[in-house]
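What follows is the residue order along each chain.
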Amino acid sequence: MGKKSIVLYFDACACLKPLPAEQRGERFTALVEYAQAAAKGSMEPDSVRERYPAMTLETRMAFSFIADTIRRDTEKWREKHERYRQAAQQRADRTRTPGKRIQGNREDAWKYMGE
């Protein structure tokens, strides 16, 4: 399962208020594009920012500040996702018995573990 969201923090409002509405829209669109790229593994905000030449210098700076937060949050999400994946694999390895049906923990569904 891939990352499906980003978090915009209230302290980002300080970067938003001085910008005209058109620039806020450019910045927001660029941030969403960057977040999607970051979730797929491409973490370079400059490559995304350059695709939005209508952004003013102030908007580019605001983009950079928030892109740093998105990068940090995405890295944390990846680390957490990997820990969960490893824990699930360890649980499966401990309970795996060929040909045995065990009750899984997801929606109480029965999973066949025989391979």
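See the structure above.
All residue numbers refer to positions counted from 1 along the written sequence of the respective chain. Thresholds applied to this predicted model are a pLDDT of at least 70 for local features of residues and 80 or more for the giving and counting of side-chain atom pairs; totals over whole chains, interfaces and linings are not thresholded and use all residues. Based on all heavy atoms of the structure, the side-chain values leave hydrogens and waters out of the count.

## Observations concerning the state of the cysteines
For this text, the term disulfide refers to a pair of cysteine sulfurs within 2.5 Å. Within the structure shown, the criterion is met by zero disulfides. Just so you know, cysteine 13 is unpaired, no disulfide at all, and the nearest cysteine sulfur is the one on cysteine 15, 9.2 Å from it.

## Observations concerning a nonpolar patch on the surface
Taken together, Leu57, Met61 and Phe65 make up a surface patch of nonpolar side chains, about 340 Å² in accessible area. Mapped onto the fold, methionine 61 is located in helix α4 (residues 57–95). Any residue under 20% of the maximum accessible area for its type is buried, any over 50% is exposed, and the rest in between are partly exposed; the area is computed with a 1.4 Å probe on protein chains only. The partly exposed category is assigned to methionine 61, whose relative accessible area is 43%. Patches were defined on residues exceeding 30% relative accessible area and lacking a salt bridge, with like-charge contacts within 9 Å and nonpolar side-chain contacts (Val, Leu, Ile, Met, Phe, Trp, Tyr) within 5 Å. Working definition of accessibility: Shrake-Rupley area with a 1.4 Å probe, residue cover restricted to the visible protein chains. For this document, the term salt bridge refers to a Lys or Arg side-chain nitrogen within 4 Å of an Asp or Glu carboxyl oxygen. Only DSSP runs of H or I reaching four residues or more are called helices, and only runs of E reaching two or more are called strands; each is numbered from the N terminus.

## Notes on the pattern of salt bridges
Opposite charge on two side chains makes pairing possible when the charged atoms of those side chains draw close. Going through the model one piece at a time under the given rule, you end up with six salt bridges. One salt bridge in this structure joins arginine 51 and glutamate 33, with 2.4 Å as the shortest N-O distance. Of the two residues, arginine 51 is situated in the loop between α3 (45–49) and α4 and glutamate 33 in helix α2 (residues 21–39); the sequence distance between them amounts to 18 residues. A residue is classified by how much of its surface remains accessible, and glutamate 33, at 21% relative accessible area, is partly exposed.

## Overview of the packing of aromatic side chains
In this description, an aromatic ring pair is defined by two values, namely the gap between the centres and the angle between the planes. Pairing of aromatic rings covers Phe, Tyr and Trp, the last counted by its six-membered ring, and requires centre-to-centre distances within 6.5 Å; plane angles under 30 degrees mean stacked, over 60 mean edge-to-face, and any other angle means tilted. For the coordinates displayed, the defined rule picks out one aromatic pair. Ring centres of tyrosine 34 and phenylalanine 63 lie 6.2 Å apart, and the angle between their planes is 70 degrees; this geometry places the pair in the edge-to-face category. With a gap of 29 residues between them, tyrosine 34 in helix α2 and phenylalanine 63 in helix α4 connect regions that are remote in the sequence. No difference in accessibility class separates tyrosine 34 from phenylalanine 63, as the two residues are buried.

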